Amino acid sequence: MSRLLGVTLERVCKAVLLLCLLHFLVAVILYFDIYTQHLTFFSRFSARGPAHALHPAASSSANCSRPNATAPSSGLPEAPSARPGSTAPILPPCPDLPPGLVGRLLIEFTSSMTLERVQRENPGVLLGGRYAPPDCTPAQTVAVIIPFRHREHHLRYWLHYLHPILRRQQLRYGIYIINQHGEDTFNRAKLLNVGFLEALKEDTTYDCFIFSDVDLVPMDDRNLYRCGDQPRHFAIAMDKFGFRLPYAGYFGGVSGLNKTQFLKINGFPNEYWGWGGEDDDIFNRISLAGMKISRPDIRIGRYRMFKHDRDKHNEPNPQRLEFEVRNQIVIEKIGFPVESSQTSLVHLEFTKIQNTKLTMKRDGIGSVQYRVLEVSRQPLFTNITVDIGRPPSWPPWG
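Let me begin by describing the structure that accompanies this report. (Residues numbered from 1 in each chain as written. Predicted model: local features only at pLDDT ≥ 70, side-chain atom pairs only at ≥ 80, totals over all residues. Heavy atoms only, no water.)

1. Considering the side chain of Arg-172
With respect to the helices and strands, Arg-172 occurs in strand β3 (residues 172-180). Although Arg-172 is buried, it forms no salt bridge, and the closest oppositely charged side chain is Asp-207 at an N-O distance of 6.3 Å. A distance of 2.9 Å separates a polar atom in the side chain of Arg-172 from a polar atom in the side chain of Thr-141. Apart from residues lying up to four places away in sequence, Arg-172 is in contact with Tyr-131, Ala-132, Pro-133, Thr-137, Pro-138, Gln-140, Thr-141 and Val-142. (Helix = DSSP H or I, 4+ residues; strand = E, 2+ residues; numbered from the N terminus. Buried < 20%, exposed > 50% of the residue type's maximum accessible area, 1.4 Å probe, protein only. Lys, Arg positive; Asp, Glu negative; His and termini not counted. Salt bridge = Lys/Arg side-chain N within 4 Å of Asp/Glu carboxyl O. Polar contact = N/O pair within 3.5 Å; in protein donor to acceptor, adjacent residues only side chain to side chain. Contact = heavy atoms within 4.5 Å.)

Below is the structure:
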């Protein structure tokens, strides 16, 4: 009897154990099913997230494929990479040597040129003359600054040639036309100071500044509009001078300085009214600041000048005597009559450098005064019209 009871109890225990095991398996299956449902739910939710974010991402992608501005105040699209949470791809650095350069260019000024034509030729250029390469990230942001007055005809040709050149050079850049208001004597260097300040107001990321006359076009796109460790002189071989450097201290036409270099020389002098003289002062400032001029190979730094009569109210500066004497020495070397001597050149050169030492700290970017009258962002450039005042009355000579 006791044996029968033991067997029965054993069977009951096994049944209870089997029942517990079955309950455990059912519970596991139910939990697994619930977990799978939750996993599917969250997977769908995650899949919906990017779908809902598709429109802003598409907008960012559209902006990224086009050049973009870095300053919201410019009225241009903000760079996608500047937005928090942007999914825009990080572009690789641009190569040191742009792959699309073509070298020597044929420059002519006879064909008809309109701004509409230039705009059609450069669809990637944004309002205000801003551009950035769509496939790489340049190391510098370049402001190209042009002192200007009554040169609309020249400007059309300059834009026609320079926009494609700068784009092939894979630059992130903006074009600024600094237009002197009124008919008083022209002041090139002061307008360049204004351009430096106004460009930085629009975009604080500018770290390279190219200062260019509107009538000079490079004849080789390997002459890269970039800033380096030393101030750069680009226009070293103009057709006007027989494609040679007129003299060792020449710094005219087209030049470039980075922000640090420009501030180190206190910018450009403001007191050179009329044509000439300011380039020599700038050269002296660079030398006095312990820097040297870098230049491209003379075969690459060739420029074509748009021939024209000198503008009214841009007569030679009466304080540019040293420049005139130096030009006479150049004329003597190429076989024309000369009215001055090397002795007077050396004396005036020393006097000029001494004068630059005295004026460099007090006259420059830190003392420039002007008034902005209008800022107009055109499809190919930004026009800034300014009142820079009037020249002082020159003391009588003698």
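2. Quick look at helix α4 (residues 152-168)
The first and last C-alpha atoms of α4 sit 24 Å apart over 17 residues, in line with the 24 Å expected at 1.5 Å per residue. At Leu-159, α4 shows its maximal bend, which comes to roughly 25°. Across the 17 residues of α4, twelve count as buried, placing the element largely inside the fold. Of all the residues in α4, the buried ones are His-154, Leu-155, Tyr-157, Trp-158, Leu-159, His-160, Tyr-161, Leu-162, His-163, Pro-164, Ile-165 and Leu-166. Packing partners of the buried residues in α4 comprise α3 (115-121), β2 (141-148), β3, β4 (208-212) and β5 (216-218). Phi turns positive, to about 55°, at Gln-170, one or two residues after α4. (Expected span 1.5 Å × (residues − 1). Bend = angle between axes of the 7 residues up to and from the residue.)

3. Some remarks on the environment of Leu-288
Among the structural elements, Leu-288 can be located in helix α7 (residues 278-288). Considering only alpha carbons, one finds Leu-288 and Met-360, 72 residues apart in sequence, at a separation of 9.3 Å.

Any functional reading would require information that these geometric values do not contain.
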